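Okay, here's what each chain looks like letter by letter:
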Amino acid sequence: MKFAEIDLFGVYVAPFSLTLVGAWLVTIVLRRIAGRFGLLRHVWHPALFVFAVYIIVLSSWILIV
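Residues numbered from 1 in each chain as written. Predicted model: local features only at pLDDT ≥ 70, side-chain atom pairs only at ≥ 80, totals over all residues. Heavy atoms only, no water.

> Can you help me understand the overall build of the protein chain in this one?
For the protein chain, the helix and strand inventory stands at two helices and two strands. From first element to last, N terminus to C terminus, the protein chain shows the α and β order β-β-α-α. For a compact globule of 65 residues, the expected C-alpha radius of gyration is about 11 Å, and the protein chain comes in at 15 Å, more than 25% above that figure. Across its three principal directions, the C-alpha atoms of the protein chain cover 45 × 25 × 15 Å. By the burial criterion, 20% of the 65 residues in the protein chain qualify as buried. (Helix = DSSP H or I, 4+ residues; strand = E, 2+ residues; numbered from the N terminus. Rg over C-alpha atoms; globule rule 2.2 N^0.38 Å. Buried < 20%, exposed > 50% of the residue type's maximum accessible area, 1.4 Å probe, protein only.)

> What exactly am I supposed to notice about unusual backbone geometry here?
Excluding glycine, residues mostly have negative phi values, and the peptide bonds linking residues are mostly trans. A positive phi is found at Phe9, a non-glycine position, where the angle reads about 55 degrees. Residue Phe9 is classed as exposed on the basis of its relative accessible area, which comes to 83%.

> What am I meant to see in the environment of Thr19 here?
With respect to the element layout, Thr19 can be found in helix H1 (residues 15-36). With relative accessibility at 16%, the residue Thr19 sits in the buried group. A C-alpha to C-alpha distance of 9.9 Å links Thr19 and Ser59, two positions 40 residues apart in sequence. Setting aside chain neighbours within four positions, we find Thr19 in contact with Leu58, Trp61 and Ile62. (Contact = heavy atoms within 4.5 Å.)

> I'm lost on the packing of H1 against helix H2 (residues 46-64) in this one. Help?
A packed helix pair is summarised by two numbers, namely the angle formed by the two axes and the spacing between the axes. The geometry of H1 relative to H2 is characterised by a closest axis approach of 9 Å and an angle of 130 degrees between their N-to-C directions. What the angle tells us is that H1 and H2 run oblique. For H1 against H2, the interelement crossing comes out right-handed. Two secondary-structure elements touch here, H1 through Phe16, Thr19, Leu20, Gly22, Ala23, Trp24, Val26, Thr27, Leu30 and Arg31 and H2 through Val50, Val53, Tyr54, Val57, Leu58, Trp61 and Ile62. Taken together, the residues of the contact of H1 with H2 sort by class into 13 nonpolar, three polar and one charged. (Axes fitted to C-alpha atoms, helices over the stretch in contact; angles between N-to-C directions. Parallel < 35°, antiparallel > 145°, perpendicular 65-115°, else oblique. Left-handed = near helix turned anticlockwise from the far one by under 90°. Nonpolar A, V, L, I, M, F, W, Y, C, P; charged D, E, K, R; others polar.)

Structural data, given as structure tokens:
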């Protein structure tokens, strides 16, 4: 993958910011799946758990790329 700035409607954006948005979208999908099956009821602090899942998704994505 080429790590150069990406032209987004005339604004140069760092590729890392697009990775952040992509990980956020994956986390939203995972959060909805967990909410549908009631998994968030079993964690101590749901917001902290979702943040931890976001960090895991983001770091996994960065390691893969």
